Amino acid sequence: MLEAAGVPFTPMAAGIDEEAAKAALTAEGISARNLADALAELKATKLSRRFPQDLVLGCDQVASLGARIFDKAGSREEAAEQLRALAGETHSQTSAAVICEGGQPVWRHIDVAKLAMRDFSGDFLDAYLDEEWPAVGGCAGGYRIEGPGAQLFTRIDGSHFTVLGLPLLPLLDYLRVRGVMRA
């Protein structure tokens, strides 16, 4: 998304144990919103300490239905279970972005999109996973809206970019204010 929007960046892994951090935070009963924010900040802060002169962006996305938070599916069976749990329901995709400078957060934005997933047959689910597995294994909720996963939904309220995992438009506004992008 950043490349398509013309944002100069260098991708880097933060080198954190995201699963351990997520497990510790969820054990405390953290909300999906606060989980996405905390993980985005953790990533940005860690890298920002290594590159204190740079603006460092950390992002995270969390899929949730009520109090249930959906992790990335580790198997096709787990993806199928997640999709069955979401079928006929409206769930949330929460995307958080945090920018750090000098090891400290200087900007953050959290956005939520609501997605109404239709009921579907077992045959549809099998065909969908035949086509999309293992690619959807890296996606919270077991779908990619930018492909055949669009067929799972009857309605989406919120930013398309938020569903894809990044509140892009507010980020672009901030980068223009900072002079990284042309105003």
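In this report, the structure presented in the accompanying data block is examined. (Residues numbered from 1 in each chain as written. Predicted model: local features only at pLDDT ≥ 70, side-chain atom pairs only at ≥ 80, totals over all residues. Heavy atoms only, no water.)

### Describing the packing of aromatic side chains
Note the threshold: Only the six-membered ring of Trp is used, alongside the rings of Phe and Tyr, when aromatic pairs are assigned; centres must lie within 6.5 Å, and planes under 30 degrees apart are stacked while those over 60 apart are edge-to-face, with the rest tilted. Each residue's exposure class comes from its accessible area (1.4 Å probe, protein chains only) as a fraction of the maximum for that residue type: buried when under 20%, exposed when over 50%, partly exposed otherwise. Working definition: helices are DSSP H or I runs of at least four residues, strands are E runs of at least two. Numbering for both runs from the N terminus.
With the rule as written, the count across this model stands at 4 aromatic pairs. Centre to centre, the rings of Phe120 and Phe124 are 5.8 Å apart; their planes meet at 45°, and the pair counts as tilted. Of the two residues examined, Phe120 and Phe124, each falls in the buried class. Ring geometry for Phe124 versus Tyr128: centroids 6.3 Å apart, planes at 10°, classification stacked. Of this pair, Phe124 and Tyr128 both sit in helix H4 (residues 122-132), 4 residues apart, which is roughly one turn of the helix. In this structure an aromatic cluster arises from ring pairing among Phe120, Phe124 and Tyr128.

### Looking at the sheet that holds strand S3 (residues 90-101)
Heads up, the rule is: Whether two strands pair depends on DSSP finding at least two bridges between them. Axis angles are defined between N-to-C directions and span 0 to 180 degrees, where every axis is a line fitted to C-alpha atoms and, for a helix, only to the segment in contact. What makes two residues a contact is simply this: any of their non-hydrogen atoms within 4.5 Å.
If you walk across this open sheet you meet the 5 strands as S2-S1-S3-S4-S5, and the pairing is antiparallel. Of all strands in the sheet, those bounded by a partner on one side alone are strand S2 (68-70) and strand S5 (153-157). Mean inter-strand twist for the sheet, computed between neighbouring axes without regard to direction, equals 30°. Across 9 bridges, strand S1 (residues 56-65) lies against S3 in antiparallel orientation. Directly across from Val56, in S3, lies its bridge partner Cys100. Packed onto the sheet, helix H2 (residues 32-50) meets S1, S2, S3 and strand S4 (104-117) and runs at close to 160° relative to S1. Set on the sheet, helix H6 (residues 168-177) makes contact with S1, S3 and S4; between it and S4 the angle comes to about 160°.

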